[in-house]
Amino acid sequence: MADMIPFIDLLAQRARIKERTDAAVAKVLDEGRYILGPEVAELEEKLSEFAGIGRTLSCANGTDAILIPLMAWGIGPGDAVFVPSFTFASTAEVVVLAGASPVFVDIDPDTYNMSPESLEAAIDAVKAEGALNPKAVIAVDLFGQPADYPRLEPVARKHGLKLVSDCAQGFGCTLGDKASLHWADVLTVSFYPAKPLGAYGDGGAILCKDDALYDAMKSVRVHGEGKARYEYARIGLNSRLDTIQAAILLAKLEVFREEIEMRQRVADAYAAGFGNAVKLPHIIAGAQSTWAQYTVEVEDRDAFRAHLAEQGVPTAIYYPIPLHMHEPYAGYPRAPGGLPATEAAANRVVSLPMHPDMPQADIERVVAAVTGFRS
């Protein structure tokens, strides 16, 4: 078996930007303002500038980033929040933690993002049943590309629902050169190290356009604090971003736009090299993906993965079991007709190595392994 190439090479990026991240961390250590230091506010400002819209509130992780606006809106028992099932657990987990009910919605079979038709049907079904009060939609920018917000937003607005862009994998992605916050009420970000814009630990952020919502979320972030210290206006969380992580992210943000272009270079090389050997990722018209993952579809996934492993090419599966099929989520409502596209994709998708520092030799090894597979 050949030596494995990296699936994601964080150390290569570390070597490329080491001087600037080391200097950023040293500054925080020397100044000693480790919690909500000046770098945190600077990062929040720079993230809004990068997105070109909204105000940013940092937090401890990407999961809290989705939970905090739900809490700020007062979403809780008796409320329904519409989510995809083909996603990481946090998208639905936060709904349950808020006391509300997730309602699972199917995906588009080509983009793997939320289906507007399935969403509309799910909302109509919940309203007809009358047991839950529809309150919000959480659309996921899966694998780094934006969901179809020009079609999702009118559905949400028609029914008076809040719209969340779970952009954990996709900060920096655009649709018509606009961030998904252009359509959504909030955009949530994860800075988990493997994300396109990753810290050296956990971290998250929320972007929004509404000042009153920003103030409520800022209160939620720090134990529900009120106008004075030790005055509490609401139930909250302890969800602050460490100053060291903010400093690292500031350094990484300086090269992030270039890294998105570097990821696109890898994606373009894959698409040109693979031909019709696999079902290629489908990016909607006008979209720029951050390529958090490069995900293809194959018929015989186990054999495909085994073949690539023999060639030294690692693979991963996101997500082998849809959320609605896990025991903790099995009892929650689903869109009428079930989630056939979700269940089909879960059996066929496989993700290939993808990172901005990928050498040409590694790209060529992946292309050779993929095109050399015969099921």
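Structure first, text after, so check above.
Because the structure is a prediction, the values reported are computed rather than measured.

Here is what the cut-offs are and how they apply
- Residues numbered from 1 in each chain as written.
- Predicted model: local features only at pLDDT ≥ 70, side-chain atom pairs only at ≥ 80, totals over all residues.
- Heavy atoms only, no water.
- Helix = DSSP H or I, 4+ residues; strand = E, 2+ residues; numbered from the N terminus.
- Contact = heavy atoms within 4.5 Å.
- Areas by Shrake-Rupley, 256 points an atom, 1.4 Å probe, with all protein chains shown as cover.
- Lys, Arg positive; Asp, Glu negative; His and termini not counted.
- Charge placed at Lys NZ, Arg CZ, Asp CG, Glu CD.
- Pairing = 2+ DSSP bridges.
- Axes fitted to C-alpha atoms, helices over the stretch in contact; angles between N-to-C directions.
- Buried < 20%, exposed > 50% of the residue type's maximum accessible area, 1.4 Å probe, protein only.
- Expected span 1.5 Å × (residues − 1).
- Phe/Tyr/Trp six-rings, centres within 6.5 Å; stacked < 30°, edge-to-face > 60°.
- Polar contact = N/O pair within 3.5 Å; in protein donor to acceptor, adjacent residues only side chain to side chain.

A. Region of the structure containing the overall build of the chain. Secondary structure summary: the chain contains eleven helices and eleven strands in total. For the chain, the C-alpha atoms occupy an extent of roughly 65 × 60 × 35 Å along the three principal directions. Partitioning the contacts of the chain with sequence separation of at least 6, the portion at a separation of at least 24 is 72%. Carbon and sulfur atoms provide 51% of the accessible area of the chain, an area that totals close to 15,400 Å². Averaging the locations of the 34 positively and 49 negatively charged side chains of the chain gives two centres separated by 3 Å.

B. Looking closely at the sheet that holds strand β8 (residues 204-208). Here we have seven strands laid out as an open sheet, ordered β1-β8-β7-β5-β4-β2-β3, and mixed in their pairing. Looking at the sheet topology across the chains shown, the edges are occupied by β1 (55-59) and β3 (101-105). Across the sheet, the mean angle separating the axes of adjacent strands is 25° when strand polarity is ignored. As paired strands, strand β2 (residues 79-84) and strand β4 (residues 133-140) are joined by four bridges and run parallel to one another. Directly across from Val81, in β4, lies its bridge partner Ala136. Helix α2 (residues 38-51) rests against β1 and β8 of the sheet, and its axis sits at about 130° to β1. Helix α3 (residues 62-72) rests against β1, β4, β5 (162-166), β7 (186-190) and β8 of the sheet, and its axis sits at about 155° to β7.

C. Looking closely at unusual backbone geometry. Cis geometry marks the peptide bond from Tyr318 to Tyr319; its omega dihedral reads 5°. Positioned with a positive phi, His223 is a non-glycine residue whose angle comes to about 60°. By the secondary structure assignment, His223 is in the loop between α7 (211-221) and α8 (243-274). Under the relative-accessibility criterion, His223 is labelled partly exposed at 40%.

D. Spotlight on helix α11 (residues 360-371). If you check α11, its first and last C-alpha atoms are 16 Å apart, about what twelve residues at 1.5 Å a residue would give, namely 16 Å. Its buried side turned inward, α11 meets α8, α9 (301-310) and β11 (349-352).

E. Spatial organisation of the packing of aromatic side chains. Tallied over the full model, the rule gives 16 aromatic pairs. For the pair Phe86 and Tyr319, a centre-to-centre distance of 6.0 Å together with 85° between the ring planes defines the contact as edge-to-face. Placement of Phe86 in the loop between β2 and α4 (90-97) and of Tyr319 in the loop between α9 and α10 (340-346) is noted, with a sequence separation of 233 residues between them. Residues Phe304 and Phe373 carry aromatic rings whose centres are separated by 5.3 Å and whose planes lie at 90° to one another, so their mutual orientation is edge-to-face.

F. Local environment of the pairing of β8. Within β8, five of the five residues are buried, which leaves it mostly tucked inside the rest of the structure. Burial along β8 is two-sided: Gly204, Ile206 and Cys208 and Ala205 and Leu207, pointing in opposite directions, are all buried. Taken together, the five bridges between β1 and β8 define a ladder with antiparallel strand orientation. Bridging from a neighbouring strand, Arg55 pairs with Cys208 of β8. Taken together, the five bridges between β7 and β8 define a ladder with antiparallel strand orientation. Bridge assignment links Val189 to a residue of β8, and that residue is Ala205.

G. Layout of α3. Counted residue by residue, α3 has eight buried out of eleven residues, so it is predominantly covered. Taken together, the buried positions of α3 are occupied by Gly62, Asp64, Ala65, Ile66, Leu67, Ile68, Pro69 and Leu70. Here α3 starts with a cap whose side-chain oxygen sits 3.1 Å from the backbone nitrogen of Thr63, and that cap is Asn61. Gly74 sits one or two positions beyond α3 and adopts a positive phi of about 75°.

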